[in-house]
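Single-letter residue listing:
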Amino acid sequence: MSAVPVDLPRWADIALVPLVSVAAALLVAGLVVVGIGENPLEATALLLRGALGSAEGIGFTLYYATNFIFTGLAVAVAFHAGLFNIGGEGQATVAGIAMAIACLALPALPGFLAVPIAILGAAAGGALWAFIPGWLQAKRGSHVVITTIMLNFVAATLIVYLLREIIGKPGSMQPETPDFPAGAILTPMHQLLAPFGFTLPATPLNSAFFLALMALFAVWLLIWRTRLGYAIRTVGANPRAAAYAGISPAAVTMIAMAISGALAGGLAVNEALGVQHRLVLDFTAGYGFVGIAVALMGRGHPAGVGLAALLFGVLYQGGAELSFDKPAITRDMVVVIGGVLVLFAGALDGLFRRVIATVLRIGRGAA
Amino acid sequence: MRPAPAIALTGISKRFGPVAANRDVSLSVAAGSIHGIVGENGAGKSTLMSILYGFYEADAGEIRIAGAPRRIRSPADAIAAGIGMVHQHFMLVETLSVVENVVLGAEGGAFLKGGIGKARTALARLSRDYGLAIDPDAIVGELSVGLQQRVEILKALYRGAEILILDEPTAVLTPAEADQLFALLRALKAQGKTVILITHKLREIMEVTDRVSVMRRGEMVSHVATAETSPPALAEAMVGRRVLLRVEKGPHERGAPVLEAVGLSCRDGRGTETLKDVNLTLHEGEIVGIAGVAGNGQSELLEVLAGLIQPSRGVIRLGGQILAAADRHPARLRERGLMHIPEDRQRSGLVTAFSAAENAILGYQHDPAFGSGPLLSPARIEAHAREAFAAYDVRPPDPALKTAKFSGGNQQKIVLAREIERGPKVLLVGQPTRGVDIGAIEFIHRRLVALRDQGVAILLVSVELEEVMALSDRIIALCGGRITGERAAEQADERDLGLLMAGVADEAA
């Protein structure tokens, strides 16, 4: 038997509960910092200053957030269809492969054609890699959690093979492709904003950030404002009612997975098209898995995903600066903080809902 | 001096946002009595009992148990105060045995052995005291619904309940099982236990209770001794106006056949035949009722006609045309005017996590009226719901409210409005009034009869034989997936139908 659901006003549900969760997580993380003999307040200040205290820091923070938006949205869309897609890594990898092949096969195109083709290639690659588990789930009943994670390994092996044998840079020992043609790259933000009189330091932040913001809006539109989104949510909430309504849960499963995979492909766009300008091994660097945490924290809503992505962007960038200044606090510590955050925001949030409900009731009673 | 009442509630109030679920409710239940609480769905009965059992805390008011004021903030507090509750949906672990379920939550230590042994002795004693025969080692999932309910009652008694609350206990029982339950309740009363019975079936109130309290729109409107009241008086108190307990229905004009099934058979996932060679014709302007004990193929008949499962043999004709496999799909059938009110609204007919407005378009989400192109228009969906809810008296008429928060009767009205408003040619109706209060039953019955008078062909499946007999023009009996007989409504009687339902095949068939 599950606990009685706690009803909270909407503002508390959306803003107060996550805030309290984050605060509690920071408190626990602070205790860990104390445990290794450092001052948590100083560490927090360093972290925030590193992430948000300079134009360069903000640039890096937003660059990380871009990755998390894409992978978080990927998980969120599948979530609405009742699917747990934990294959963001593999989908982004295949998206990168498809994008690299598109870029290298069409070397002479101007940017306004090459970039959209590259992005579509990434979306198609990611969609394909997620469609396979979607199809297996819909037609064969193989659980997506199992198949998506297995396909992560397949994708990881596939990219090694391709970079070594097929699309790798001739004569190079590095597992990477040749540089993409000059047209097929995304403009770095500091170059993009220079004509408008902004002089920004060079950071990896590039125009993929705008693509991520568009993706946030597009996913909101898809889930809450389209007939397909209605079908996705129906299948996710009650597959029997979906069948009754003439919605095919099998079809929706495959479509939702493909959309999810296409969104994961955004990671390849930001990393390869926006930063590296070539495809390198392991460019996914765990962003796909962090996307799960981002989607959980954001409660599957694009606004929440955006905020959670920003938070993880701050943690990544601030954490890097922090470990630079305080060698005792390694990057692993940042991973711990991230883990604590997920724990509090995802798993333990029911705990706070109950307390908050009581506090609000007492507050109202006294008023 | 008279002994203190087992339960005395004074001035209980509880609000959920803008909705006052309980308003200044007072209730006194004498020790050792059976006290009925009736009221329409949404009248606040369940909220009141949830407050008494500690699921919610009242905003205001006092609870006294056996004369002493008590704060009940959780079910654990309620159990400690000697209150036990049997929910409408059982809280049992189906894979565990009876005795394991009974000790669940009261294991008495880290190791099961001692607790189980103690429970076994206690169970034997309880079984003896109340005539509750049950095998302690039977697996709960293999027991009948009636016996599972006994396990729930035993669980409460094992925890020392002196006061037992039963929430709609007969909703899932056959008439014979209900009679057994009432015998048990009388035995409990004889032993000095106090029983609170929540129901909207007035027959049960009259049969088993000593006193009855009536709730309407969150308030207590009357407390009377059962001997001094009558079903019409109670119904009037519940609804606030006079209600018809009978269905008013004129003679029908039967038109052309619209839906025909010829030699229809179905198999379930395990290959068992659930429908066997069913021949059925539905004409315009008639209600055909299916009489049958639950699980004899009625559900499959509805599902196969609605396109939710595919027949293993046979053909279906709609409007004279044989339906191809591709046409036997819920969406295609809706386009052709075959609408379906499913048996289980919460599992199939609604997405309870959605807003009421969103559920009012379920199955019609592709209707161009609700948006343009791939987009849906929330404003138009809400306007549509507002209109439909006003026409069908859905309460509260709030399209943005989550569907789970509506009472059963109002959820059913949402489904009904959705399926009827588009002018169906054929309407498949499963359990239209299950878990629905009297006021809403009357409303639903009138709508169905009005549709039939407009020329709609209606197939009605209901576990309530009374309902089938009251509404139908023709009654078809199903047993083991086979049609065992057919009667015109005026010739049907309960005994005769009972025989057909039991599989005593008709010579004429």
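Conventions we followed
Residues numbered from 1 in each chain as written. Chains lettered and ligands numbered in written order. Predicted model: local features only at pLDDT ≥ 70, side-chain atom pairs only at ≥ 80, totals over all residues. UniProt positions renumbered as here; feature names shortened; annotations may be inferred. Helix = DSSP H or I, 4+ residues; strand = E, 2+ residues; numbered from the N terminus. Rg over C-alpha atoms; globule rule 2.2 N^0.38 Å. Buried ≥ 20, exposed ≤ 12 C-beta atoms within 10 Å, placed from the backbone. Contact = placed C-beta atoms within 7 Å. Nonpolar A, V, L, I, M, F, W, Y, C, P; charged D, E, K, R; others polar. pLDDT = per-residue confidence, 0-100. Core = buried A, V, L, I, M, F, W, Y, C linked by C-beta atoms within 7 Å.

Within an unreviewed UniProt entry, the label attached to chain B reads Simple sugar transport system ATP-binding protein, and the organism entered is Bosea robiniae. The UniProt entry for chain B carries this comment under Sequence similarities (unreviewed entry): "Belongs to the ABC transporter superfamily."

By the naming in an unreviewed UniProt entry, chain A goes by Simple sugar transport system permease protein and is assigned to Bosea robiniae. What UniProt states about chain A under its Subcellular location (unreviewed entry) heading is, verbatim, "Cell membrane".

Side note on the overall build of chain B
Per the secondary structure count, chain B includes 17 helices and 22 strands. The C-alpha atoms of chain B give a radius of gyration of 24 Å, which matches the 23 Å a tight globule of 509 residues would have. Projecting the C-alpha coordinates of chain B onto the three principal axes gives extents of approximately 75 × 50 × 50 Å. Going through the 509 residues of chain B one by one, you find that 45% of them count as buried. Taking the contacts inside chain B whose residues are at least 6 apart along the sequence as the reference set, 67% of them involve residues at least 24 apart.

Some details on the overall build of chain A
Within chain A, the regular secondary structure consists of 15 helices and zero strands. Each principal axis of the C-alpha atoms in chain A carries an extent, and together these give about 75 × 60 × 40 Å. Buried residues in chain A amount to 51% of all 367 residues.

Here we look at the interface of chain B and chain A
Listed by partner, the interface residues are 24 residues for chain B and 18 residues for chain A. Mapped onto the side of chain B that touches chain A, the elements with two or more residues apiece are helix H10 (330-335), helix H11 (345-349) and strand S18 (375-376) of chain B. Considering only residue class, the side of chain B that touches chain A consists of 15 nonpolar, seven polar and two charged.

Brief notes about the confidence of the model for chain B
Residues and elements named next belong to chain B. Averaged over chain B, the pLDDT score is 88; the fraction of residues at 70 or greater is 96%. Looking across chain B, the model is least confident in helix H4 (residues 112-130), with a mean pLDDT of 81, and most confident in helix H12 (residues 356-359), with 97. We note a pTM of 0.79 for the whole complex and an ipTM of 0.87 for its interfaces.

Quick word on the nonpolar core
Counting residues in each nonpolar core, the largest one holds 261 residues, and the members touching the most others are A:Leu73 and A:Met99. Apart from the residues lying within four places of it in its own chain, the contact partners of A:Leu73 are A:Ala215, A:Leu216, A:Val219, A:Leu263, A:Pro302 and A:Val305.

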